[in-house]
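Chain by chain, the residues run as shown.
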Amino acid sequence: MMIRDLRRVVFGLLVASIAGILTDQFLVCYLVALLLYVGWLHRHLRMLLQWLRDPKKFAPPETPGVFEELSLEIDYLRERHKKRKKKLASYLRQFQQATRALPDATVVLGDNGDVQWANDAAARYLGIRWPEDFGQRITNLVRLPSLLDFMQAPAAHDAIEIPSPTNPNAFLSVLMAPYGKSRWLFVARDVTQLHRANQIRSDFVANVSHELRTPITVFRGYLEMMSEQRDKAPPGWIPVIGHLDAHAHRMQSLVEELLLLSRLEQEDDVPNPKPVLVSEMLSDILRQARHISGAREHFFSLEADPVLEIAGARSELLSAFSNLIMNAVNYTPARGVIHIRWYRDLRGAHLEVQDNGFGISEELFERITERFYRVESSRAREDGGTGLGLAIVKHVLLRHHAALEIKSKLGEGSVFKCHFPNDMIVPQEALALSAPA
Ligand code: ADP
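Undergrad: Looking at this structure, I do not really get the domain arrangement of the chain. What am I missing?
TA: Interfaces are often described in size by the accessible area the parts lose on coming together. Looking at the chain, the domain boundaries give domain 1 (2–91), domain 2 (103–190), domain 3 (196–266) and domain 4 (274–430). The C-alpha centroid of domain 3 is placed 102 Å from the C-alpha centroid of domain 1.

Undergrad: Explanation requested: the packing of aromatic side chains in the structure shown.
TA: Each aromatic ring pair is described using two quantities: the centre-to-centre distance and the angle formed by the ring planes. One pass over the structure, following the stated rule, counts six aromatic pairs. On the numbers, 6.0 Å between centres and 80° between planes, the contact of Trp342 with Phe420 is edge-to-face. Here Trp342 is found in strand E9 (residues 337–345), whereas its partner Phe420 is found in strand E12 (residues 413–421), with 78 residues between them in sequence. Trp342 sits in the buried class, given a relative accessible area of 1%. Overall, Phe420 belongs to the buried group, its relative accessible area being 1%. Aromatic rings pair up to connect Tyr37, Trp40 and Phe67 into one cluster. Its guanidinium or amino end placed over the ring of Tyr125, Arg124 lies 5.5 Å from that ring's centre, counting from NZ or CZ.

Undergrad: Hey, could you run me through the site of the ligand in this one?
TA: Within the structure, the ligand sits among 19 residues, and Asn327, Tyr331, Thr386, Gly387 and Leu390 are positioned closest to it. Within the contact set of the ligand, an oxygen atom lies 2.8 Å away from a backbone nitrogen or oxygen of Gly387. At a separation of 3.4 Å, a nitrogen atom of the ligand approaches a polar side-chain atom of Ser414. The fraction of the free accessible surface of the ligand (530 Å²) that becomes covered by protein chains is 97%.

Undergrad: Quick question: what am I supposed to make of the sheet that holds strand E11 (residues 403–409) here?
TA: Within a sheet, adjacent strands bond to each other through the backbone by hydrogen bonds, running parallel or antiparallel. Sheet architecture is open: five strands sit in the order E7-E9-E10-E12-E11, paired in mixed fashion. This sheet does not close on itself; its edge strands, each paired only once, are strand E7 (299–304) and E11. With direction set aside, neighbouring strand axes in the sheet form an average angle of 10°. Sheet analysis places E9 next to strand E10 (residues 348–355), joined by eight bridges and oriented antiparallel. Across the sheet, residue Tyr343 finds its bridge partner in E10, namely His350. Helix-sheet contacts for helix H9 (residues 278–293) involve E7, E9 and E10, and the interaxial angle to E7 is about 175°.

Undergrad: Quick question: what am I supposed to make of the sheet that holds strand E4 (residues 171–179) here?
TA: The antiparallel open sheet is built from five strands, whose spatial order is E2-E1-E5-E4-E3. Looking at strand neighbours, the two that pair on one side only are strand E2 (115–118) and strand E3 (160–163), the edges of this open sheet. Neighbouring strand axes in the sheet, compared pairwise and without regard to direction, differ in orientation by 30° on average. Looking at chain direction, E3 and E4 are connected through four bridges and run antiparallel. Residue pairing across strands places Ile162 opposite Leu172, the latter belonging to E4. This element, helix H6 (residues 145–152), spans strand E1 (105–109), E3, E4 and strand E5 (183–190) of the sheet and lies at about 20° to E4.

Undergrad: What should I look at first to understand the pairing of E9 in this one?
TA: The two faces of the sheet receive side chains in turn, since in a regular strand these alternate between them. Here six bridges tie E7 to E9, and the two strands are oriented parallel to one another. For Ala304, the partnering residue across the bridge sits in E9 and is Trp342. Where E9 folds back on E10, the antiparallel hairpin that results is connected by two residues.

Criteria and cut-off values
Residues numbered from 1 in each chain as written. Predicted model: local features only at pLDDT ≥ 70, side-chain atom pairs only at ≥ 80, totals over all residues. Heavy atoms only, no water. Domains from an automatic or database assignment. Phe/Tyr/Trp six-rings, centres within 6.5 Å; stacked < 30°, edge-to-face > 60°. Helix = DSSP H or I, 4+ residues; strand = E, 2+ residues; numbered from the N terminus. Buried < 20%, exposed > 50% of the residue type's maximum accessible area, 1.4 Å probe, protein only. Lys NZ or Arg CZ within 6 Å of the ring centre and 35° of its normal. Near = heavy atom within 4 Å. Polar contact = N/O pair within 3.5 Å; in protein donor to acceptor, adjacent residues only side chain to side chain. Areas by Shrake-Rupley, 256 points an atom, 1.4 Å probe, with all protein chains shown as cover. Pairing = 2+ DSSP bridges. Axes fitted to C-alpha atoms, helices over the stretch in contact; angles between N-to-C directions. Contact = heavy atoms within 4.5 Å.

Next comes the structure, spelled out in structure tokens:
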């Protein structure tokens, strides 16, 4: 209790005591004094409450003592809170300014893909304006089939590349990250330069390969002629001709495969898909594989659904499946076993190429589908491998919305599986309808 309050209580008690002496009614006088004191306390507490609720309209109790001290303390806390609030608001403003100024288009989306907030770059690259477009679905504002697919299952994709809706010459890399309670951060980055550099690289490779094609064909033609007339050649030249022909053959395969890869890279989808009877194709590839196996006498087995067809590009699938089967032959020692299966289940259609050959260690699974990557370059080079086979397989499968799965153990063998989704399978009813009676 403060001194002033103590004085006030002592003074009250003194007055009550004097009144008690004068009236001889001590109890009544003390009771009256107590009631007066409680009333006084109540009044001050009410003033304090009113001032706390509405400091603009009411004044704090200014009676010296505990109430005055209390008002000063509350005033001080209030000021501190105000300052902190101001500081936080300024931080928030700065943060919003920074995100608004981010060079990447950034949009906050609700659970239904509705725009909650967007920065300035979103208007520049995507044409999404905030607050005007608040609540609109992003797929209504940016109408692209690839974005619609992406938005339906964002977790299944890493990032997609889309043309900018505001500038047809610009390309954007889009990714989405979930945060908080059913919120998504949609970020689109301008990758036009990268896209252009990739295009230049791709065009360069395609042009060089194209230009090399004719001289190599001429070169091989002459080599073939020379090898047909080997009896006329000096004996020392005969192995040289064979050697030259093997290298020219390798160069030709390289050029053809590079050209195929450039073609595959041009578009994400097969332009004009047609039903492909895979079982028939596999029988043809198997015949070739037996021929290539030759004296190595691999054991082959083929188990294929005879009517299972997928919609795609025959030449591309032939190239991909041949690569997988020829790899099984090339990377399996003599008399090894190679199983090929083509079947469907609830998840879709699947091609499995299994061998009990050299195998690959797990850390290389990602790398072997890169261009020119070979596990044992010397052995692969001797076998005439280009290192482009699995890169082609990967691209062909991508264009057919299929995925490649690799299972392998060093020294035990490998399984390469191609998984085609159900929507790539040609429905049998359509076949029955189109079949001649
Ligand atoms: P390459 O022309 O060298 O065969 P690929 O792209 O087809 O190129 O394959 C890349 C590498 O993956 C090969 O060099 C090989 O080491 C490894 N590889 C591919 N298929 C198999 C397999 N069935 N068994 C073991 N290794 C394989």
